Amino acid sequence: VSSVLDVGERSINTIYEARRASFKPVINVLATGARDSEGKPRFVIRSASGQVVAESGLNWQSDEFAEVYVNVEPIARGRGLGRSVISACTSYLLEAGLRPLYIVNQDNTAAVRLAEALDYRDTGAREYVCAGVRKQAT
(Lines give C-alpha, C1' and ligand atoms only; values in the text may rest on other atoms or scores of the structure.)
Protein backbone atom coordinates (compact mmCIF):
# COMPACT_ATOMS: atom_id res chain seq x y z
CA VAL A 1 0.00 0.00 0.00
CA SER A 2 2.71 2.47 0.96
CA SER A 3 4.43 2.03 -2.42
CA VAL A 4 1.33 3.40 -4.17
CA LEU A 5 -0.22 5.68 -1.53
CA ASP A 6 0.86 8.32 0.93
CA VAL A 7 -0.95 6.88 3.93
CA GLY A 8 -2.28 9.24 6.58
CA GLU A 9 -4.66 8.30 9.36
CA ARG A 10 -4.85 4.58 10.07
CA SER A 11 -6.81 2.43 12.45
CA ILE A 12 -7.49 -1.20 13.08
CA ASN A 13 -11.08 -2.02 13.93
CA THR A 14 -12.40 -5.06 15.74
CA ILE A 15 -15.53 -6.69 14.34
CA TYR A 16 -17.96 -7.84 17.03
CA GLU A 17 -21.11 -9.91 16.51
CA ALA A 18 -24.18 -10.35 18.71
CA ARG A 19 -25.60 -13.85 18.93
CA ARG A 20 -29.21 -14.59 19.79
CA ALA A 21 -28.26 -17.36 22.24
CA SER A 22 -26.14 -15.12 24.48
CA PHE A 23 -27.63 -11.65 23.97
CA LYS A 24 -29.28 -10.17 27.05
CA PRO A 25 -31.30 -7.07 26.14
CA VAL A 26 -31.36 -3.93 28.25
CA ILE A 27 -34.90 -2.66 28.72
CA ASN A 28 -35.23 1.13 28.87
CA VAL A 29 -38.64 2.69 28.27
CA LEU A 30 -36.94 5.92 27.17
CA ALA A 31 -35.52 4.22 24.04
CA THR A 32 -37.99 4.69 21.19
CA GLY A 33 -37.90 3.25 17.71
CA ALA A 34 -38.47 5.06 14.43
CA ARG A 35 -37.18 5.03 10.85
CA ASP A 36 -34.50 7.30 9.45
CA SER A 37 -34.84 9.18 6.15
CA GLU A 38 -33.80 6.02 4.24
CA GLY A 39 -36.34 3.85 6.05
CA LYS A 40 -33.76 2.05 8.21
CA PRO A 41 -34.54 1.44 11.89
CA ARG A 42 -33.26 4.01 14.37
CA PHE A 43 -33.55 3.99 18.16
CA VAL A 44 -33.23 7.17 20.21
CA ILE A 45 -33.39 8.60 23.69
CA ARG A 46 -34.35 12.25 23.96
CA SER A 47 -33.71 14.79 26.70
CA ALA A 48 -36.58 16.52 28.49
CA SER A 49 -36.32 19.31 25.89
CA GLY A 50 -36.68 16.81 23.02
CA GLN A 51 -33.04 16.79 21.87
CA VAL A 52 -31.65 13.40 20.80
CA VAL A 53 -28.93 12.53 23.33
CA ALA A 54 -28.37 8.89 22.33
CA GLU A 55 -29.08 7.04 19.11
CA SER A 56 -28.39 3.73 17.42
CA GLY A 57 -29.19 2.55 13.94
CA LEU A 58 -27.75 0.84 10.88
CA ASN A 59 -24.77 1.83 8.78
CA TRP A 60 -25.64 -0.88 6.25
CA GLN A 61 -27.61 -4.10 5.94
CA SER A 62 -27.41 -7.19 3.74
CA ASP A 63 -29.63 -10.27 3.62
CA GLU A 64 -27.64 -11.78 6.51
CA PHE A 65 -25.78 -9.02 8.37
CA ALA A 66 -26.39 -5.48 9.62
CA GLU A 67 -23.79 -3.09 11.04
CA VAL A 68 -25.00 -1.03 13.97
CA TYR A 69 -23.74 2.35 15.10
CA VAL A 70 -24.22 4.21 18.35
CA ASN A 71 -23.79 7.87 19.17
CA VAL A 72 -24.17 9.51 22.56
CA GLU A 73 -23.85 13.25 23.06
CA PRO A 74 -20.95 14.11 25.42
CA ILE A 75 -23.31 15.64 27.99
CA ALA A 76 -25.21 12.33 28.29
CA ARG A 77 -22.28 9.89 28.44
CA GLY A 78 -21.71 7.57 31.37
CA ARG A 79 -25.40 6.95 32.11
CA GLY A 80 -25.99 3.76 30.12
CA LEU A 81 -27.97 5.50 27.37
CA GLY A 82 -25.74 4.17 24.58
CA ARG A 83 -26.11 0.70 25.97
CA SER A 84 -29.90 1.11 25.97
CA VAL A 85 -30.25 2.29 22.36
CA ILE A 86 -27.79 -0.21 20.87
CA SER A 87 -29.54 -2.96 22.84
CA ALA A 88 -32.89 -1.94 21.34
CA CYS A 89 -31.36 -1.91 17.85
CA THR A 90 -29.68 -5.28 18.40
CA SER A 91 -32.93 -6.84 19.67
CA TYR A 92 -34.74 -5.56 16.59
CA LEU A 93 -32.11 -7.07 14.26
CA LEU A 94 -32.03 -10.44 16.02
CA GLU A 95 -35.83 -10.64 15.85
CA ALA A 96 -35.58 -9.89 12.12
CA GLY A 97 -33.20 -12.85 11.71
CA LEU A 98 -30.13 -10.71 10.99
CA ARG A 99 -26.63 -11.03 12.45
CA PRO A 100 -25.76 -7.69 14.11
CA LEU A 101 -22.18 -6.49 13.73
CA TYR A 102 -20.55 -3.70 15.73
CA ILE A 103 -17.26 -2.45 14.33
CA VAL A 104 -15.07 -0.41 16.68
CA ASN A 105 -11.57 0.98 16.73
CA GLN A 106 -9.59 -1.37 18.94
CA ASP A 107 -8.17 1.63 20.83
CA ASN A 108 -11.64 3.00 21.68
CA THR A 109 -11.96 1.50 25.15
CA ALA A 110 -15.46 2.91 25.73
CA ALA A 111 -16.79 1.27 22.55
CA VAL A 112 -15.03 -2.01 23.35
CA ARG A 113 -16.54 -2.00 26.87
CA LEU A 114 -19.98 -1.29 25.39
CA ALA A 115 -19.70 -4.20 22.95
CA GLU A 116 -18.56 -6.58 25.67
CA ALA A 117 -21.22 -5.36 28.15
CA LEU A 118 -23.90 -6.36 25.63
CA ASP A 119 -22.18 -9.71 25.06
CA TYR A 120 -21.14 -8.92 21.51
CA ARG A 121 -18.36 -11.37 20.72
CA ASP A 122 -15.07 -10.61 19.01
CA THR A 123 -15.24 -12.45 15.66
CA GLY A 124 -11.46 -12.47 15.32
CA ALA A 125 -11.78 -10.48 12.08
CA ARG A 126 -10.14 -7.08 11.78
CA GLU A 127 -10.76 -4.14 9.49
CA TYR A 128 -7.84 -1.94 8.47
CA VAL A 129 -8.89 1.60 7.64
CA CYS A 130 -6.63 4.32 6.31
CA ALA A 131 -6.75 7.57 4.43
CA GLY A 132 -4.44 7.63 1.45
CA VAL A 133 -3.49 9.80 -1.48
CA ARG A 134 -2.13 8.20 -4.62
CA LYS A 135 1.54 9.02 -5.17
CA GLN A 136 2.57 10.84 -8.32
CA ALA A 137 4.28 8.66 -10.91
CA THR A 138 7.99 9.46 -11.11
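In this text the structure is predicted, and so the values were computed from the model without any measurement.

Thresholds applied
Residues numbered from 1 in each chain as written. Predicted model: local features only at pLDDT ≥ 70, side-chain atom pairs only at ≥ 80, totals over all residues. Heavy atoms only, no water. Salt bridge = Lys/Arg side-chain N within 4 Å of Asp/Glu carboxyl O. Helix = DSSP H or I, 4+ residues; strand = E, 2+ residues; numbered from the N terminus. Buried < 20%, exposed > 50% of the residue type's maximum accessible area, 1.4 Å probe, protein only. Phe/Tyr/Trp six-rings, centres within 6.5 Å; stacked < 30°, edge-to-face > 60°. Arc of directions from axis to C-beta. Contact = heavy atoms within 4.5 Å. 1 Å grid on protein atoms, 1.4 Å probe; cavity = no way out; pocket = protein on both sides within 12 Å on 5 of 7 lines; lining within 4 Å. Points joined across faces, edges and corners; volume = space filled by probe spheres on them. Nonpolar A, V, L, I, M, F, W, Y, C, P; charged D, E, K, R; others polar. Pairing = 2+ DSSP bridges.

Colleague: Can you tell me about the pattern of salt bridges, naming the residues and giving the values?
Modeller: The tally for this structure, following the rule as stated, stands at 8 salt bridges. Salt-bridge contacts for R19 lead to E17; the nearest nitrogen and oxygen are separated by 3.4 Å. Where R99 meets E17, a salt bridge forms, and the shortest distance between an N and an O atom there is 2.7 Å. Taken as a pair, R99 in strand 6 (residues 99-105) and E17 in strand 1 (residues 5-17) lie far apart in primary sequence, 82 residues in all. On the basis of relative accessible area, R99 is assigned to the partly exposed category, the value being 30%. What makes E17 buried here is its relative accessible area of 4%. Overlapping salt bridges bring together E17, R19, E64 and R99 as one network.

Colleague: Can you break down the packing of aromatic side chains residue by residue, with the values?
Modeller: The full count for this structure, using the stated rule, is 2 aromatic pairs. Arranged with centres 5.9 Å apart and planes meeting at 55°, the rings of F43 and Y92 form a pair that is tilted. With F43 in strand 3 (residues 41-46) and Y92 in helix 1 (residues 81-95), this pair connects stretches of sequence that are 49 residues apart. Between Y102 and Y120, the aromatic rings sit 5.9 Å apart at their centres with planes inclined by 65°, giving edge-to-face as the arrangement. With Y102 in strand 6 and Y120 in the loop between helix 2 (109-117) and strand 7 (121-134), the pair connects residues that are 18 residues apart, well separated along the chain. Pair check on accessibility: Y102 and Y120 agree, each one buried.

Colleague: I'd like a rundown of unusual backbone geometry, residues and numbers included.
Modeller: Even without being a glycine, D119 presents a positive backbone phi close to 65°. Turning to its location among the elements, D119 is positioned in the loop between helix 2 and strand 7.

Colleague: Residues and numbers for helix 2, please.
Modeller: Along helix 2, the residues classified as buried are A111, V112, L114 and A115. Within helix 2, the buried residues cover an arc of 160° as seen down the axis, which keeps them to one side. Helix 2 presents T109 and R113 as exposed residues on the side facing more than 90 degrees away from its buried surface. Where helix 2 is buried, its residues contact strand 1, strand 5 (65-72), helix 1 and strand 6. After helix 2 finishes, the residue D119 shows a positive phi value of roughly 65°.

Colleague: Explain the layout of surface pockets residue by residue, including any values.
Modeller: Gaps between atoms show up when a probe of the same size as a water molecule is rolled over them. Approximately 390 Å³ is the volume attributed to the largest pocket. The wall of the largest pocket is formed by 17 residues, among which V72, R77, G82, A110 and L114 lie closest to the centre. Sorting the residues of the lining of the largest pocket by element identifies strand 5, helix 1 and helix 2 as the ones contributing at least two each. Looking at the lining of the largest pocket element by element, the count peaks at 4 residues for helix 2. Taken together, the residues of the lining of the largest pocket break down into 8 nonpolar, 5 polar and 4 charged.

Colleague: Account for the pairing of strand 4 (residues 52-61), with residues named and values stated.
Modeller: Sheet topology places strand 3 next to strand 4; 5 bridges connect them, and they run antiparallel. Pairing of F43 across the sheet is with S56, part of strand 4. In textbook terms, the turn of a hairpin is the stretch between consecutive antiparallel strands, and for strand 3 and strand 4 this stretch comprises 5 residues, one of which, G50, has a positive phi near 95°. Bridging between strand 4 and strand 5 involves 7 bridges; their strand directions are antiparallel. If you follow Q61 over to strand 5, its bridge partner there is A66. The turn joining strand 4 and strand 5, which pair antiparallel and follow one another in sequence, is formed by 3 residues.

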